[in-house]
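Analysis of the macromolecular model
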Amino acid sequence: MASRQRHPGNWRFDFNHRLLPSGQHAVSVSYKNYQSANLSAAVIVEQLHQIMPNMECETDRAGCYRLETACQKQPDFASIFQATIHRLLRAFSRPFWTQTRQSPVIADRHWQPQPNIVWQCAINNEYMPKFTPEELAVDAVPVIRQATSGDAKPDWRPLFRHECTFNPVIFQDVMLNLIKNPNINSSWLFRADILHDTKNIQNGLETPLSELGDVPDIPSFDGFGLHRRLIRRLIPRSTMRDKPMDQTCLIYQSKGSDSEGGLQRHLVIYLPHVSTEAEMPYYHPTVRGIAFHHEWSPTETRGSVSVSYLYFEGGERPEKLTRIASHLLQAVYKHGQGRADGYQKRVHHDLLVPQDRVQNTYTVLKQKYARALIESWVETTDPTKHVFEDLCIAAFLIELWTDIYGRNFFPGFVDIGCGNGLLVHILNLEGFKGWGFDARSRKSWAMYSTRLETPTGVQESLQQLVLLPPPVSRAGISEISSEGFREELVHDGRFPKGTFIISNHADELTPWTPILATISDCPFIMIPCCSHDLTGARFRAPAPKDKKKANSAYSSLVSWVTQITADCGWVAEQEMLRIPSTRNTAIVGRKRQGDVSAIDIGVIVDRYGGTAGYLETVVKLVKSTNPDEKH
């Protein structure tokens, strides 16, 4: 039996049923999510609400949800409650481990002692099977046999095999996802562009085979029939190191209808479009073909998955290729078991701009600017992180702006809280004119700042300014001005209509972004980082109302500023950027919704905590500012 290990997506439900002295039945349900839920609490709660409509829910910051109710006196409630829980156990029985206790209860490290316990039950996935594949011998019997007319038959050599509990539908789903997203298996790859798919032939969406060069013939395998053919182009991160490579991906199913209880077999083959080992790019193992075989017994609801190689002529079994085979099989096993265990993807990329466009533009920007920017870095921070992150954001913005404005007109941008100014610099180099400001100047501004032509005259592209938005009361500022307060260092947050506002990890200015956009009627992008309220003070945003979302500080901040965006009359479009940062949620406001003429900014500001103390903070900041000092 496979050993068990703690899984990063662990969760646990505990159900407790007590009988109160009054004769009422008291039920409590606690849900503990260790990191990310594989089973939604909403499923459990929905079922329990049917028998306990007056259930109340509480939550704490540890991600533990407690639901309690005191039901009316009902002789058969205990059996109804237990039947409901057992129905849930049947729905989520594999591979979850369950425990039940009848009164009296002896508490252990899981069970908390409670008086008058009638019944306790827990559903959890605290321990999941570990990936421990069986390594097959060099002379092991082949799992698949390729049919040929000649004497020489291709020798597909099996390397690893592992038992599994995911069915053929999940296997095909997982393999199709891995075909479309090869970056899951290799960090050297960006993506795969699907050039040909027999599923799309009737729609006329496929690239004609005549345009794809030398495409390998479709091999036949004993006992299998071809179900689908795809041809993908593997796109590397660095085209200066390796070129893209085309690869045929074939999906087979066992022939004929299986008899009841018979094995169901499925096969996926990868065939690179190369003739020799020397042609193989670095990011692909030096083999002629890779095969993934899935075998499933419907009666036992168990199966196995294996990986085989088709070596080049005279090819051996080097350790590196063996390790790669294990890694490839592990990806299939991990994703398959996750699907079988109820995992649902929570993070979705490329919702606003297609992945290929952003990555292609990023590759161009990286080749043009990355090396020079890293070598000339003058800040104390890590140059690689900042350079590659801002190149990614610039690529996304360029493609987003292409969709919004086309290629003939751009209204300009302003980067509020621009930091080191690198993003402003890159965008200006690419012909998108705009400027940025921050409360503190940076050493890098000397290199990045340029003279910018604007409707009001020539100005520097990077400026040292402190934001004092219109909703903040300016009462008493005239008296302050005579005490060393320099108003020329203050910006009121009003911009020409249509100017695109960038708020990239702007911290104190983040919640102000949709408000400023509403005041000036400007589209915007907001990438939250640290949590601040409208006064500029650090604070913990309220937990998301959607209980399916994580109860983390960052998730709370994103939900909070998204709500401000919606209240300001913007459609809050969300994108998870492909940048080297965990703070990668982008909220884009480019479309209005509802009656925007009825929006009262003052009411919105008050609703989200007001601005008490903001003016005093600005005054202190301006008085301590030395425009000639570089930080």
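Our subject is the structure that appears above.
An account of the accompanying structure is given in this report. (Residues numbered from 1 in each chain as written. Predicted model: local features only at pLDDT ≥ 70, side-chain atom pairs only at ≥ 80, totals over all residues. Heavy atoms only, no water.)

1. Things to note about the overall build of the protein
Secondary structure summary: the protein contains 13 helices and 29 strands in total. For the protein, buried positions account for 49% of its 631 residues. Put simply, 67% of the contacts in the protein that link residues at least 6 apart link residues at least 24 apart. Carbon together with sulfur atoms contributes 50% to the accessible area of the protein, which is approximately 30700 Å² in total. (Helix = DSSP H or I, 4+ residues; strand = E, 2+ residues; numbered from the N terminus. Buried < 20%, exposed > 50% of the residue type's maximum accessible area, 1.4 Å probe, protein only. Contact = heavy atoms within 4.5 Å. Areas by Shrake-Rupley, 256 points an atom, 1.4 Å probe, with all protein chains shown as cover.)

2. Some details on the sheet that holds strand β12 (residues 189–197)
On the basis of which strands lie adjacent, the open sheet formed by eight strands has the order β9-β11-β18-β17-β16-β15-β14-β12 and antiparallel pairing. If you trace the sheet from one side to the other, it starts and ends with β9 (134–135) and β12, each paired once. Inspection of the sheet shows strand β17 (residues 289–297) paired to strand β18 (residues 302–310) by nine bridges, in the antiparallel sense. When the sheet's bridge partners are listed, Ile 290 is paired in β18 with Tyr 309. Contacts between helix α3 (residues 168–180) and the sheet are confined to β12, β14 (224–236), β15 (245–254), β16 (264–272), β17 and β18, with β16 contributing the most and set at about 10 degrees to the helix. Where helix α4 (residues 319–340) meets the sheet, it contacts β9, β11 (156–164), β17 and β18, and its direction lies at approximately 35 degrees from that of β11. (Pairing = 2+ DSSP bridges. Axes fitted to C-alpha atoms, helices over the stretch in contact; angles between N-to-C directions.)

3. Quick look at the packing of helix α5 (residues 355–375) against helix α6 (residues 383–405)
Following both chains from N to C, one finds α5 and α6 inclined at 140 degrees, their axes separated by 9 Å at the closest point. Judged by the inter-axis angle, α5 sits oblique to α6. Note on packing geometry: the crossing formed by α5 with α6 is right-handed. (Parallel < 35°, antiparallel > 145°, perpendicular 65-115°, else oblique. Left-handed = near helix turned anticlockwise from the far one by under 90°.)

4. Observations regarding the sheet that holds strand β26 (residues 500–504)
Judged by pairing direction, the sheet is mixed, and its seven strands sit side by side in the order β23-β20-β19-β26-β27-β29-β28 without closing on themselves. Every other strand in the sheet has two partners, leaving β23 (462–464) and β28 (570–576) as the edge strands with one partner each. Taking each pair of neighbouring strands and ignoring which way they run, the sheet shows an average axis angle of 20 degrees. Sitting on the sheet, helix α7 (residues 422–429) touches β19 (413–416), β20 (434–438), β23 and β26, and the angle it makes with β19 is about 165 degrees.

5. Some words on the pattern of salt bridges
In the structure shown here, the tally under the stated rule is 24 salt bridges. With its nearest N and O atoms 3.9 Å apart, the salt bridge here joins Glu 295 to Arg 265. Placement of the pair is Glu 295 in strand β17 and Arg 265 in strand β16, with a sequence separation of 30 residues. Judged by its relative accessible area of 25%, Glu 295 falls in the partly exposed class. In the salt-bridge network here, residues are joined through shared partners; they are Arg 357, Glu 399 and Asp 403. (Salt bridge = Lys/Arg side-chain N within 4 Å of Asp/Glu carboxyl O.)

6. Considering the packing of aromatic side chains
Taken as a whole and judged by the stated rule, the model has 18 aromatic pairs. For the pair Trp 401 and Phe 410, a centre-to-centre distance of 4.5 Å together with 45 degrees between the ring planes defines the contact as tilted. When the ring of Phe 524 is compared with that of Trp 570, the centres are 5.5 Å apart and the planes differ by 85 degrees; the resulting orientation is edge-to-face. Here the residue Phe 524 occupies a position in strand β27 (residues 524–527), and Trp 570 occupies one in strand β28, the gap between them amounting to 46 residues. By relative accessible area, which is 0% here, Phe 524 ends up buried. Using a relative accessible area of 2% as the deciding quantity, one classes Trp 570 as buried. Counting every residue linked through ring pairs, the aromatic cluster contains Trp 401, Tyr 405, Phe 410, Phe 413, Phe 432 and Phe 500. Here the basic side chain of Arg 241 rests over the ring of Tyr 282, its NZ or CZ set 4.1 Å away from the ring centre. A cation sits over an aromatic face here: Arg 592 above Trp 570, 4.0 Å from the ring centre. (Phe/Tyr/Trp six-rings, centres within 6.5 Å; stacked < 30°, edge-to-face > 60°. Lys NZ or Arg CZ within 6 Å of the ring centre and 35° of its normal.)

7. What to know about the side chain of Thr 402
You can see Thr 402 is positioned in helix α6. Polar contacts involving the side chain of Thr 402 include one to the main-chain carbonyl oxygen of Ile 398, which spans 2.8 Å. Contact partners of Thr 402, with chain neighbours within four places excluded, come to Arg 357 and Arg 407. (Polar contact = N/O pair within 3.5 Å; in protein donor to acceptor, adjacent residues only side chain to side chain.)

8. A few points about helix α11 (residues 553–567)
For α11, built from 15 residues, the straight-helix expectation of 21 Å at 1.5 Å per residue is met to within 8% by its first-to-last C-alpha distance of 21 Å. Considered for burial, the residues of α11 that qualify are Tyr 554, Ser 555, Ser 556, Leu 557, Val 558, Ser 559, Trp 560, Val 561, Ile 564 and Thr 565. Contacts from the buried residues of α11 go to α10 (513–520), β27, β28 and β29 (585–592). Positioned one or two residues after α11, Gly 569 has a phi angle of 90 degrees, which is positive. (Expected span 1.5 Å × (residues − 1).)

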